[in-house]
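Per-entry structural report
One letter stands for each residue in the lines below.
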Amino acid sequence: MKKKYSIKKHGRMFKIYEHLTKQYIAQSTNKNVLTKLLRNLNKGGFFNGDTPKFMLIGGPITVYGQKNNRNL
């Protein structure tokens, strides 16, 4: 099975690239957050490799990571 998505680095940002549509669909400064999302996407999550262009008119979706704090 060929991967439909991959992570590419652009300066300080990491972006998820969709191979079929040749567009970036998500971005974050936290690579770990995108890696979790990438695994889900490659298993068939979201649009299964064919994200409609109108979803990304404003550019890639920015994903913010949650910082875990054990001292709550």
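Look a little higher up for the structure.
These remarks concern the structure in this document. Because the structure is predicted, anything quoted here is derived from the model rather than measured.

This part covers the packing of aromatic side chains. Scanning the model with the defined rule gives one aromatic pair in all. Across the ring face of Y17, the terminal group of K8 is positioned such that the distance to the ring centre comes to 4.1 Å. The ring of Y24 carries K15 above its face, with NZ or CZ at 5.4 Å from the centroid.

One finds Y5, F14, I16, I25, A26, L34, L38, L41 and L56 forming the largest nonpolar core, which totals nine residues. Elements with a contribution of two residues or more to this core: β2 (13-18), β3 (23-28) and α1 (31-42). Sorting elements by how many residues they give to this core places α1 first, with three residues. Apart from the residues within four sequence positions on either side, L34 is in contact with I7, F14, K15, I16, A26, Q27, S28 and V63.

Another aspect to go through is the pairing of strand β1 (residues 5-10). Where β1 lies against β2, six bridges are found, and the strand directions are antiparallel. Along β2, the bridge assignment pairs I7 with I16. Counting the residues between successive antiparallel strands, the hairpin from β1 to β2 contains two residues, one of them, G11, with a positive phi of roughly 65°.

Of note, V63 is situated in the segment after β4 (61-62). Expressed as a C-alpha distance, the spacing of V63 and L37, which sit 26 residues apart in the sequence, is 9.4 Å. Those residues in contact with V63 that sit more than four places away from it in its chain are A26, Q27, S28, V33, L34 and L37.

So, about the pairing of β2. Across a regular strand the side chains alternate sides, sitting on one face of the sheet and then on the other. Across the six residues that make up β2, a large majority, five, are buried. Sheet topology places β2 next to β3; five bridges connect them, and they run antiparallel. For F14, the partnering residue across the bridge sits in β3 and is S28. Here β2 folds back onto β3, and the loop between the two strands holds four residues, one of which, K22, carries a positive phi near 55°.

Definitions and limits used
Residues numbered from 1 in each chain as written. Predicted model: local features only at pLDDT ≥ 70, side-chain atom pairs only at ≥ 80, totals over all residues. Heavy atoms only, no water. Phe/Tyr/Trp six-rings, centres within 6.5 Å; stacked < 30°, edge-to-face > 60°. Lys NZ or Arg CZ within 6 Å of the ring centre and 35° of its normal. Core = buried A, V, L, I, M, F, W, Y, C linked by side-chain atoms within 4.5 Å. Buried < 20%, exposed > 50% of the residue type's maximum accessible area, 1.4 Å probe, protein only. Helix = DSSP H or I, 4+ residues; strand = E, 2+ residues; numbered from the N terminus. Contact = heavy atoms within 4.5 Å. Pairing = 2+ DSSP bridges.

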